[in-house]
Amino acid sequence: QVQLVESGGGLVQAGGSLRLSCAAPGNIFRINRMGWYRQAPGNQREVVAAITHGGDTDYGDSVKGRFTISKDNAKNTVYLQMNSLNPEDTAVYYCNVNAFLAVGSLAKEYWGQGTQVTVSS
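Residues numbered from 1 in each chain as written. Predicted model: local features only at pLDDT ≥ 70, side-chain atom pairs only at ≥ 80, totals over all residues. Heavy atoms only, no water.

### A word on the side chain of Arg66
Item 1. As for its placement among the helices and strands, Arg66 is situated in the loop between β6 (57-59) and β7 (67-72).
Item 2. Owing to a relative accessible area of 14%, Arg66 belongs among the buried residues under this scheme.
Item 3. Looking at Arg66, its side chain comes within polar contact range of the main-chain oxygen of Ser84, at 2.9 Å. (Helix = DSSP H or I, 4+ residues; strand = E, 2+ residues; numbered from the N terminus. Buried < 20%, exposed > 50% of the residue type's maximum accessible area, 1.4 Å probe, protein only. Polar contact = N/O pair within 3.5 Å; in protein donor to acceptor, adjacent residues only side chain to side chain.)

Here's what the structure looks like:
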């Protein structure tokens, strides 16, 4: 199995910033897409941002202009820089990776364990 290691969550005041990181194992054959989702209590999980192997990015409407996703291919790591945070951003943030583990394998989705982000007003 693939273990994704997330870090960077925490408590921040409204208007503040946080940076999330998610590292995937180094022995993955090919990562197609890395991204972040979030889920607040009582809500469905929603996409926050994603970045493809080629570097194309996509963002949820509520975070456009405030969050930036980036990756370090050499480290198989994806980052989420979150600026101008507001209480509505409070949620558990999950890392997501779509990848081929080996040559000839099927592409599969993998999830991190989640990291809590809490924004106080």
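### Side note on the nonpolar core
Item 1. Formed by 31 residues in total, the largest nonpolar core has its most connected members in Trp36, Leu80, Met82 and Tyr93.
Item 2. Per element, the largest residue contribution to this core is five residues, and it comes from strand β9 (residues 91-100).
Item 3. Each residue touching Leu80, except ones within four places of it in the same chain, is listed here: Leu18, Arg19, Leu20, Trp36, Val48, Ala49, Phe67, Thr68, Ile69 and Tyr93. (Core = buried A, V, L, I, M, F, W, Y, C linked by side-chain atoms within 4.5 Å. Contact = heavy atoms within 4.5 Å.)

### Notes on the pattern of salt bridges
Item 1. The full count for this structure, using the stated rule, is five salt bridges.
Item 2. Put simply, Glu109 and Arg33 hold a salt bridge, and the shortest N to O gap is 3.0 Å. Note that Glu109 is positioned in strand β10 (residues 108-111) and Arg33 in strand β4 (residues 30-39), a separation of 76 residues in sequence.
Item 3. Assessed through its relative accessible area of 26%, Arg33 is described here as partly exposed.
Item 4. Between Lys64 and Asp61 there is a salt bridge, and its shortest N-O distance comes to 3.2 Å.
Item 5. Residue classification places Lys64 among the partly exposed positions, given a relative accessible area of 48%. (Salt bridge = Lys/Arg side-chain N within 4 Å of Asp/Glu carboxyl O.)

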